[in-house]
Amino acid sequence: GLLSERHLMDVRLGELPMWLATCDFSPQGLLGGIQKAWSSYCNKYINVKRGGVAGVSMLLAGYCILSYGWNYQHISKISFLVSI
Amino acid sequence: MNLSFFDQFSSPYLLGIPLILLSLLFPALLLPSPNNRWVNNRLSTLQSWLLHLITKQLMIPLNKTGHKWALMLTSLMMMLLTINLLGLLPYTFTPTTQLSMNMALAFPLWLATLLTGLRNQPSTSLGHLLPEGTPTPLIPALIIIETTSLLIRPLALGVRLTANLTAGHLLIQLISTATTALLPMMPTVSILTALVLLMLTILEVAVAMIQAYVFVLLLSLYLQENI
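Everything quoted here is computed from the prediction, not taken from an experiment. (Residues numbered from 1 in each chain as written. Chains lettered and ligands numbered in written order. Predicted model: local features only at pLDDT ≥ 70, side-chain atom pairs only at ≥ 80, totals over all residues. Heavy atoms only, no water.)

1. Re the packing of aromatic side chains
No. 1: Using the criterion set out here, one finds seven aromatic pairs over all chains in the structure.
No. 2: When the ring of Tyr 41 of chain A is compared with that of Tyr 45 of chain A, the centres are 5.2 Å apart and the planes differ by 45°; the resulting orientation is tilted. Of this pair, Tyr 41 of chain A and Tyr 45 of chain A both sit in helix α2 (residues 27-45), four residues apart, which is roughly one turn of the helix.
No. 3: Ring plane angle 50° and centroid distance 5.8 Å describe the contact between Phe 107 of chain B and Trp 110 of chain B, whose orientation is recorded as tilted. Of this pair, Phe 107 of chain B and Trp 110 of chain B both sit in helix α5 (residues 99-120), three residues apart, which is roughly one turn of that helix.
No. 4: For Phe 107 of chain B, a relative accessible area of 40% puts it in the partly exposed group. (Phe/Tyr/Trp six-rings, centres within 6.5 Å; stacked < 30°, edge-to-face > 60°. Helix = DSSP H or I, 4+ residues; strand = E, 2+ residues; numbered from the N terminus. Buried < 20%, exposed > 50% of the residue type's maximum accessible area, 1.4 Å probe, protein only.)

2. Remarks on unusual backbone geometry
Residue and element names in this part refer to chain B.
No. 1: For Leu 15, which is not a glycine, the phi torsion comes out positive at approximately 55°.
No. 2: With respect to the helices and strands, Leu 15 occurs in the loop between β1 (13-14) and β2 (17-18).
No. 3: Look at Leu 15 and you get exposed, because its relative accessible area is 82%.
No. 4: Of note, Tyr 91 is a non-glycine position whose phi angle comes to about 70°, a positive value.
No. 5: Within the secondary structure, Tyr 91 sits in the loop between α4 (70-86) and α5.
No. 6: Judged by its relative accessible area of 42%, Tyr 91 falls in the partly exposed class.

3. Overview of the UniProt feature "transmembrane region" (unreviewed entry) in chain B
Residue and element names in this part refer to chain B.
No. 1: If you check UniProt for "transmembrane region" (unreviewed entry), the listed places come out as residues 12-31, 69-89, 101-118, 138-156, 168-186 and 192-223 in our numbering.
No. 2: Helix makes up 81% of residues 69-89 and strand 0%, with an end-to-end C-alpha separation of 31 Å.
No. 3: Measuring from the first to the last C-alpha atom of residues 138-156 gives 25 Å, for a span that is 89% helix and 0% strand. (UniProt positions renumbered as here; feature names shortened; annotations may be inferred.)

In structure tokens form, the structure reads like this:
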């Protein structure tokens, strides 16, 4: 179908720059994109009949990884060769 | 650079944004807003069950006027619960280890209960300063003691939460450092220390939940006296 109406997962790698050009990068567009992504995540993993721990665990794992990235500069300065 | 055990309590900054902001906003993602469906997903059902349990427990001792505090107390409870439990994950930051945040929560809420009591029923509120049946010579001393205990309540609320969580996190960091340091030298002692670490983590999960509950429970008790 039309390139701009396809989801990111359905776009082939070669068509990626063209798809990015059709994206709406205004603040409303970005917020709408975030909202769409969040609701599609919820509908796929949480709003299901027999949802398990996986839906929430992925969120928690993402949070841990994000916190690690936030802390990285500080953690990288710790040297484990110091005698305790 | 030396490893300082208190470094975990300073909020790290990335591009000028502190991590505490992320830690305060993230629980909102984990708690789905209720929708109008008859049968919800499992996460929403669990959350509704927990909220009903908490609200029932908190609202039973309060009279009708006290029920206006339901939203405040329940949302406070959910926030503290999620923040404390999320702080046990690796590399995360716990905002409730900061005394400033806990005092900012405790002081206004305690003051609100006190002012409600003093405004609506001043004699009863002041009457709480003297327990029934005290011998007459003891009355002046007891009034001073009760006033001190009243004024120290917000400090106690804030510091209790801070101290419990900070102590727990510090203990976890210390024992895990010991385990890692002992591993090349004495593996058996290291395994024993790892067992201690496992028990400590279970304790910390319990403490996280209990401390949130105690905070809100004490506030509701102060409310009962004054409403």
